[in-house]
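As a plain string of letters, each chain reads:
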Amino acid sequence: MGPKKKKKSSGKKKVSKAERLRLQKEEEERRLKEEEEAQFQAQQEEAARLEKERIEQEQMEKLEAKDQERRESELAELHSLEQKFLSAQQWKTDYRAYGKWEHYLSCDGSPDPTVLQEINTFMSLWRDDQNEDIQLVMEKGEQVLNLIEKLQFLLLDTPPSEITEKETVQYQESILELQNLLHQKYNGATEHLLKTANMYEDSETGNMQAVIKDKNVTFCIWANLKKKVRLKNHVFCEAQHGFDLPKSLAMSSVAVRILHTYYDHVSPLWLQCQSVPRLEVLDSKELTQHSKDNVEEPEEEEKKAREEPSMPTEEEMCSDGRKSAVSFKENSNSIADINETEEEIEKKSEILDISSQVQHLLTQEEMNEKEEAITDENIVDLQQFVPVGGVYHIDALQLPPQVKQIKDWSMVEVLDVGLQAYSYPPEEAEDATHPPIQITLRLSDNVMYFEDPVIARWDPAGQQWRTDGISNITHERQAKSITFEMRAFYTIALLQDAHLNMPYQAWELQPTGMDEALLIVTTVFATIQIQIKGNQCMLSSVVVEEKDVLSYVTGKWLSPVDLRAVLKKAGVNIFPGAYSHKYVSVNKKVSEHLKADSVKDWSLYMFNGQKAQKLKITETSEAFSDELEEDSEFHSTLYHMLKDCASKEAIDKVETANFLFIDVVYQLLLATRVLTYS
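First things first, this report covers the structure right here in the doc. The structure presented is a predicted model; accordingly, all values stated were derived computationally and were not measured.

## Digging into the nonpolar core
Move 1: Formed by 46 residues in total, the largest nonpolar core has its most connected members in Trp465, Met486, Phe489 and Ile492.
Move 2: Sorting the residues of this core by element identifies strand E2 (217-223), strand E5 (254-261), helix H6 (269-272), strand E6 (385-398), strand E9 (437-442), strand E10 (454-459), strand E13 (481-486) and strand E14 (491-497) as the ones contributing at least two each.
Move 3: The element best represented in this core is E6, accounting for six residues.
Move 4: In contact with Ile492, other than residues within four places in its own chain, are Val391, Tyr392, Ile394, Ile455, Ala456, Arg457, Trp465, Ile470, Phe484 and Met486.
Move 5: In terms of nonpolar packing, the next biggest core, distinct from the first, is built from 40 residues, Ile134, Leu151, Ile175 and Ala189 among them.

Printed below as a string of structure tokens:
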């Protein structure tokens, strides 16, 4: 046998036990060393962090101490500036008194709407006036609208200290009475026209058709004199409104009226009299003490604010006395209430007198309860959607007996029932299916509909706008018309989202001269430019899709209250309400971009009610932080914060600016609330 072969080596050296223990020891020493180094590094980092926090805390305490030292002097300086608001308030008070005196001296026969005896006498005389000529009624109607506007302006513009609760309720009820009386007169004029329908007979169809309008209202009246099925539809060429009736109505003695009022006297009064928050200027002692209290007990005040939310000013200023006047308002615009005797009118006047004494005003809590109780999706939320473009009263009326010519005599049967509604669908067949009425409305050129409007009908029983009963809606944007079908004859409004222009995309307030400025608000749909000069403001332009619109309201100097009303009426709402935060996403922390230098980047500032500070973050920062910008300080007001980077010339302009100009700028900024809704 040959020699045995040697076993191949495995290539691995067998580690002895001693070697293994040595390696384990080295590994353990290395691990402990790394842990010690990591612990040491963590201790160093923690020490550095604590040192940084200590330095920052010391710096913050120094800044706060410095802020406290000068707070009283800053608040005193602010108080001297706020005296300009008191001066403006006094000027407006004197101006209102001067206006009353001028009205007294003019002796033009028009009543002072704030004097109950005068306004009641005016309404009583017009009720007794039997002249129902449509042109005279429309002329008188313009005077009534002016009286209503004066009362609404007083409710919106008068400080709470200058108007009592009794006066507020009196003005509200006078407004409701005037609105009701005006609509009664429109109905009387309609009846007068229908009695002489043959005077407006159309040569082609033989039916009556008439369009009568002025700047406040358009009457479109059609009377079915021939009762032919083929004549069941009609278009009023001058107004471009039209209808298509069911065949049963085409064979009946019926008249159709489309009464378009360019104002809204149907919606609740609180919607017509929304105000904005007001500035309450304290005296210097109260101001200083108030500031100290805020500094010493911020947490307690925040807790109180959470527990007891403040009442919105618009509800306080125009809580509208809906409970006191709602019984009067409920059916004020219905055809069935036209035929009132003198006894009924006197009875209503007595009810008004009693209700004005009772003064049942809705509180904010009651309104919130009412909101929570609304579960019907067909009920329009008037805090979210508002009528734009006026109201369309679309009525079917019974045709009264017509005038007959017998030789030289004009004879007509006189009925003591007045104007009566034609019931459709018939009450005795409510369960049966009846064809709908098709209506076409030409949208007003003086109103901007940025989106398809919501069509709603007025429910007099529930005192609310509803969307049910209306179907097959077609909106022709180019033709500016809207066609729809409805189950019965309704009072119609076209509604628009009150917040579709919010939040704003951008805003800018720039001086253009001494006591002159330009406010530019850019929204998703429009760019609005408002010029400010002295104690007035003017809508310079409204640009939509690079086109100037609403030229009929631009170039007119108005008060801020009037400008606000004009823009909202035109469908351009850039004025948030107290409840707008429920419908618009806004930052809870109020921060805004203020331009310190036209060349440098924009700076970010924050004012939390206690102190103002410049923020370290920029517009491109991914997350919000209230970290203070380096080399900046705290101040008690945003005004003093900006003084750090403002020129002496700029500060001098602020201090020498006219108090009326400052008040107008303040009113516009407060009304638009650009600091919150941008």
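## Some words on unusual backbone geometry
Most peptide bonds take the trans form, and the phi angle of most residues other than glycine is negative.
Move 1: The omega torsion of the bond from Tyr424 to Pro425 falls at 0°, within 30 degrees of zero and hence cis.
Move 2: Position of Pro425 relative to the elements: it lies in the loop between strand E8 (409-411) and E9.
Move 3: A cis amide bond links Met502 to the next residue, Pro503, at an omega of -5°.
Move 4: Residue position: Pro503 is located in the loop between E14 and strand E15 (506-513).
Move 5: Of note in this structure, Gln463 is not a glycine but carries a positive phi near 55°.
Move 6: In this fold, Gln463 is placed in the loop between E10 and strand E11 (464-466).
Move 7: The exposure class of Gln463 is buried, given its relative accessible area of 17%.
Move 8: Phi at Asn472 is positive, roughly 50°, even though this residue is not glycine.
Move 9: Assessed through its relative accessible area of 52%, Asn472 is described here as exposed.

## Remarks on the sheet that holds E2
Move 1: Spatial strand order, E1-E2-E5-E6-E14-E10-E11: seven strands in an open sheet with antiparallel pairing. At either margin of the open sheet sits one strand with a lone partner, and together these are strand E1 (208-213) and E11. Between one strand axis and the next, the sheet turns by 25° as a mean value, whatever way the strands run.
Move 2: By the bridge criterion, six bridges tie E6 to E14 in an arrangement that is antiparallel. Looking at E14, one finds that Phe385 is bridged to Asp497.

## Brief notes about the packing of aromatic side chains
Move 1: Across all of its chains, the model carries nine aromatic pairs by this definition.
Move 2: Ring centres of Trp101 and Tyr104 lie 5.5 Å apart, and the angle between their planes is 25°; this geometry places the pair in the stacked category. Here Tyr104 and Trp101 lie together in helix H1 (residues 17-106), a separation of three residues that amounts to about one turn.
Move 3: For Trp101, a relative accessible area of 48% puts it in the partly exposed group.
Move 4: Cluster of aromatic residues (ring-pair linked, three or more members): Trp222, Phe236 and Phe243.
Move 5: Above the ring of Tyr490, the side-chain terminus of Arg457 is found at 4.8 Å from the ring centroid.

## What about the environment of Phe122?
Move 1: Here Phe122 is to be found in helix H2 (residues 116-128).
Move 2: Put simply, Phe122 and Gly109 are 13 residues apart on the chain and 9.5 Å apart in space, counted from C-alpha to C-alpha.
Move 3: For Phe122, the residues in contact, after removing those within four places along its chain, are Pro111, Lys140, Gln143, Val144, Leu147 and Leu178.

## Observations regarding helix H4 (residues 165-195)
For an α-helix, the turn length of 3.6 residues means that residues three or four places apart are oriented alike.
Move 1: With 31 residues, H4 extends 45 Å from end C-alpha to end C-alpha; this agrees with the ideal 45 Å at 1.5 Å per step.
Move 2: Of all 31 residues that make up H4, 26 are buried, and the element is covered over most of its length.

## Regarding the pattern of salt bridges
Move 1: Evaluated as defined, the whole model comprises 25 salt bridges.
Move 2: Notably, a salt bridge pairs Asp157 with Arg96, separated by 3.1 Å at the nearest N-O pair. One end of the pair, Asp157, is in helix H3 (residues 134-157); the other, Arg96, is in helix H1, and 61 residues separate them in sequence.
Move 3: For Asp157, a relative accessible area of 11% translates into the label buried.
Move 4: The buried category is assigned to Arg96, whose relative accessible area is 18%.
Move 5: For Lys480, the salt bridge identified is with Asp445, shortest N-O distance 3.2 Å.

## Some thoughts on the packing of H1 against helix H16 (residues 659-672)
Move 1: At their nearest, the axes of H1 and H16 sit 8 Å apart, and the two run at 95° to each other. Judged by the angle between their axes, H1 and H16 are roughly perpendicular. When H1 is examined against H16, the residues Lys84, Phe85, Ser87, Ala88, Trp91 and Lys92 are found in contact with a partner set consisting of Phe659, Leu660, Ile662, Asp663, Tyr666 and Gln667.

## Looking at H1
Move 1: At Arg71, H1 is bent by approximately 45°, the largest bend along its length.
Move 2: Phi turns positive, to about 50°, at Cys107, one or two residues after H1.

## Observations concerning the side chain of Ser252
Move 1: With respect to the element layout, Ser252 can be found in the loop between helix H5 (247-250) and E5.
Move 2: A relative accessible area of 12% means that Ser252 is categorised as buried.
Move 3: Within the local environment of Ser252, its side chain forms a polar contact with the side chain of Tyr422, the two groups lying 3.1 Å apart.
Move 4: Not counting the four nearest positions on each side in its chain, Ser252 is found in contact with Asn224, Lys227 and Tyr422.

Reading the values: the criteria
- Residues numbered from 1 in each chain as written.
- Predicted model: local features only at pLDDT ≥ 70, side-chain atom pairs only at ≥ 80, totals over all residues.
- Heavy atoms only, no water.
- Core = buried A, V, L, I, M, F, W, Y, C linked by side-chain atoms within 4.5 Å.
- Buried < 20%, exposed > 50% of the residue type's maximum accessible area, 1.4 Å probe, protein only.
- Helix = DSSP H or I, 4+ residues; strand = E, 2+ residues; numbered from the N terminus.
- Contact = heavy atoms within 4.5 Å.
- Pairing = 2+ DSSP bridges.
- Axes fitted to C-alpha atoms, helices over the stretch in contact; angles between N-to-C directions.
- Phe/Tyr/Trp six-rings, centres within 6.5 Å; stacked < 30°, edge-to-face > 60°.
- Lys NZ or Arg CZ within 6 Å of the ring centre and 35° of its normal.
- Expected span 1.5 Å × (residues − 1).
- Salt bridge = Lys/Arg side-chain N within 4 Å of Asp/Glu carboxyl O.
- Parallel < 35°, antiparallel > 145°, perpendicular 65-115°, else oblique.
- Bend = angle between axes of the 7 residues up to and from the residue.
- Polar contact = N/O pair within 3.5 Å; in protein donor to acceptor, adjacent residues only side chain to side chain.

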